[in-house]
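Below, each chain spelled out in residue letters.
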Amino acid sequence: MKISVFYTWFWILYIPLCILFYDRVNDYVDEFMTLALALYTLTKLNKRSSSKAQKEIVVYVVLVVLYFLYSMSLRINSTNALLLDMQQQVRPYVVFYCTYLLAPTFKKWQSNLMITVLTVCMGAYVLMSLYGFRISTFGLQTPAIGQASLMVSMLYLFCYGDKGDNKWIALIIVAIGLLSGKSKVLGEFIAFVGVFFILKNKLNLTSAKSILQLLLLVVIVLFFTWTKFNAYYVEGLSKEEVGQMDARPASYAVAGDIILKDYVPFGSGFASFATNAAAVHYSPLYYKYKLDDIWGLSPDNPMFIADAYYPTLAQFGLVGIFFFLWFWIRRYKEVANKKEKIYYKVGLMCILALALESTADTSYLSGKGMGYFMMLAMCIRAGENNIRKRRRIIIINRKVAERGNTSKEIADENSGR
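Residues numbered from 1 in each chain as written. Predicted model: local features only at pLDDT ≥ 70, side-chain atom pairs only at ≥ 80, totals over all residues. Heavy atoms only, no water.

1. A few points about the packing of aromatic side chains
As a reminder of what qualifies: The aromatic pairing rule takes the rings of Phe, Tyr and Trp, using the six-membered ring of Trp, and pairs them if the centres are within 6.5 Å, calling planes under 30 degrees apart stacked, those over 60 edge-to-face and the rest tilted. Only runs of H or I of at least four residues qualify as helices and only runs of E of at least two qualify as strands under DSSP, and these elements are numbered from the N terminus. With a 1.4 Å probe rolled over the protein chains alone, any residue whose accessible area is under 20% of its type maximum counts as buried; one over 50% counts as exposed, and the rest are partly exposed. Here, over-ring charges are defined by two tests on the NZ atom of lysine or the CZ atom of arginine: distance to the ring centre within 6 Å, and angle to the ring normal within 35 degrees.
Overall, the coordinates contain 43 aromatic pairs when judged by the stated rule. Both rings, one in F96 and one in Y100, keep their centres 5.7 Å apart while their planes meet at 50 degrees; by these two values the pair is tilted. Linking F96 with Y100, this pair stays in helix α4 (residues 79-102), spanning 4 residues, or about one helical turn. Of the residues examined, Y100 reaches a relative accessible area of 7% and is grouped as buried. Ring pairs connect the aromatic residues Y60, Y93, F96, Y97, Y100, Y309, Y310, F324, F327, W328, Y364 and F373, which therefore count as one cluster. Over the ring of Y344 we find K202; its NZ or CZ atom is 5.8 Å from the centre of that ring. The ring of F327 carries the charged tip of R331 above its face, separated from the ring centre by 4.6 Å.

2. Overview of the packing of helix α5 (residues 108-130) against helix α6 (residues 144-160)
To keep things clear, this is the line we draw: Axes, fitted as lines to C-alpha atoms, cover a helix only where it is in contact. Angles between the N-to-C directions of the axes lie from 0 to 180 degrees. For classification, angles of less than 35 degrees are called roughly parallel, those exceeding 145 degrees roughly antiparallel, those between 65 and 115 degrees roughly perpendicular, and all remaining angles oblique. Less than a right angle of anticlockwise turn of the near helix away from the far helix marks a crossing as left-handed, whereas a clockwise turn marks it as right-handed. Residue contacts follow a heavy-atom distance rule, with two residues in contact if any of their heavy atoms lie within 4.5 Å.
The contact between α5 and α6 brings their axes to 10 Å, and the two run at 160 degrees. If you check the angle between α5 and α6, you find them roughly antiparallel. Here α5 runs over α6; the crossing is left-handed. Where α5 approaches α6, its residues S111, N112, M114, I115, L118, T119, M122, Y125 and V126 are matched on the opposing element by A144, I145, A148, S149, V152, L155, Y156, C159 and Y160.

3. Details of unusual backbone geometry
Cis geometry is found at the peptide bond from V264 to P265, where omega equals 0 degrees. The residue P265 is located in the loop between α11 (247-262) and α12 (276-280) in this model. The phi angle at A103 is positive, at roughly 50 degrees, despite the residue not being glycine. Here A103 shows up in the loop between α4 and α5. A relative accessible area of 2% places A103 in the buried class. For K290, which is not glycine, the phi torsion reads 60 degrees and is therefore positive.

4. Describing a nonpolar patch on the surface
In plain terms, the rule: Patches draw on residues past 30% relative accessible area with no salt bridge. Two like charges within 9 Å are joined, as are two nonpolar side chains (Val, Leu, Ile, Met, Phe, Trp, Tyr) within 5 Å. Shrake-Rupley sampling with a 1.4 Å probe provides the accessible areas, and residues are treated as covered by the protein chains on show and by no other component. The salt bridge definition used is simple: a Lys or Arg side-chain nitrogen within 4 Å of an Asp or Glu carboxyl oxygen.
A cluster of nonpolar side chains, V58, V61, V62, V65, L66 and L69, forms an exposed patch at the surface whose accessible area comes to about 510 Å². Position of V61 among the secondary structure elements: in helix α3 (residues 51-74).

5. Regarding the packing of helix α8 (residues 183-198) against helix α9 (residues 208-224)
We apply this condition: Any residue outside Ala, Val, Leu, Ile, Met, Phe, Trp, Tyr, Cys, Pro, Asp, Glu, Lys and Arg is labelled polar, Gly included; the first ten of those are nonpolar and the last four are charged.
Running from amino to carboxyl end, α8 crosses α9 at an angle of 150 degrees, the nearest separation of the two axes being 9 Å. Note on packing geometry: the crossing formed by α8 with α9 is right-handed. Of α9, the residues touching α8 (which contributes L186, G187, I190 and A191) are L217, I220, V221 and F224. Among the residues forming the contact of α8 with α9, the class breakdown is 7 nonpolar, 1 polar and no charged.

The values reported here are purely geometric and, on their own, carry no functional implication.
Right, here's the structure in full:
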C-alpha cells in the first residue's frame, strides 16, 4: 500500500475512533493503530528513511531503556505497572518518528476524501449529542469535539493552504469545538486565531517583538479562561497543606517536591506519579505524600491521578525535563526552517495545542494526542519530496546535456576525419 493511501485511511479512522467515538469502541483502539503504524513503517524504511531521524530515535530508545532500568532499581511500583507506563509514554514518540520517517503527502482526491468524511463524522457527533444519544459520558460536555475540530481544521489547512477563503473555512471548522464549553478548547480557539489571522511572520524567539506577541497571546488566553486557571493554579495552590487542595493543584505541588527535593535528578521513575499506570496500579507515592485522602486521588477513586500531563514529568526529574525541552526545541527549529509559512503555522499550532492541553489533560500520552504528533511530523517533512523531484530532474537534465555534448563532439570528430 502506498504511503499516501495508508495515511489517508489512517486519518479517516483515527479521528472518529480515537477521539469522537472513543468511548464507544475498544479501549485499545489507539494502541492497535499505533502498532499498525509502527509495523507499516518497518516495511517502508528503505524507501524514505532519514538518517537524521534514525540517530535521534536511537538516542530516544537508549534513554527509555535507561529510565526503565532506573525505575526497576527504585522499585516504587510493580513491573507490570512500569511496562504499562513505558508503553504509554513511548506511544506519542512512536507516532511522531514513524510519520517523520515516512513523510506522507496527499493527492487532491485523498485530501477531499479525508476532509469530507471527517466533517461528516463531526456533524454526526454534534447531532447525536443534541438529540440525546449517549455517544460519550457527557456528550458535548467532553473536549472531544473541540480536539477533533481543531485537528480537522489543521488537516484542512495542511492539505489546501490558507489562501483565499481556506483559513475562514478552517476557522468555521475549529469554531464547532466551542460547543463543548471547555476552557482549554476556548484557549486553543484563541491561539488558532492568533496564529492564522494575526501572526504575519515567523516568531523570532530572540526578538523582543516576538516575545511580546507571545506574552500578549498568553494574556488573552488567561483573560478568557481565568476562572478555571485561578481555581486550579492560583487559589488552588495557595493552601498551606497539600491535603487541603483539590486533586489537580495537589498533583502540581507534589510534582515540584519530587523534581526539586526528593528524587533529584532523575525523578521517581515510570508508573510512580500522575499517570494512568499509577492509577491502575496504585502508586505508593500517593501514600507517602498524603494524597490518598484527596477526592479523585484515593485508591478507591483514582479518576484524577492522570488529570494533567505536566505533573508526569516528575517521573523523569530534572534530567528528563532537559531532554523533554531538547525534543521540543528541535521540533520548533525544524518547523521554523520551513519556507512555506502554512507548514510553519500548522506545526506551531500543534505545539501550542499540546502545551495548552497538557496543563489540564493527558492528551499528550493518549490516543487523543496522536494527531498532533502526526501532524507536526507531516509539517516538518512537507515539501521535501518536491525538492527531491526537482533535484532528480536537474541531475537527469544535466546527464542528458552531457551525453548530448559528448555525441556532438564525436560527430564533429567524425566529420573532421
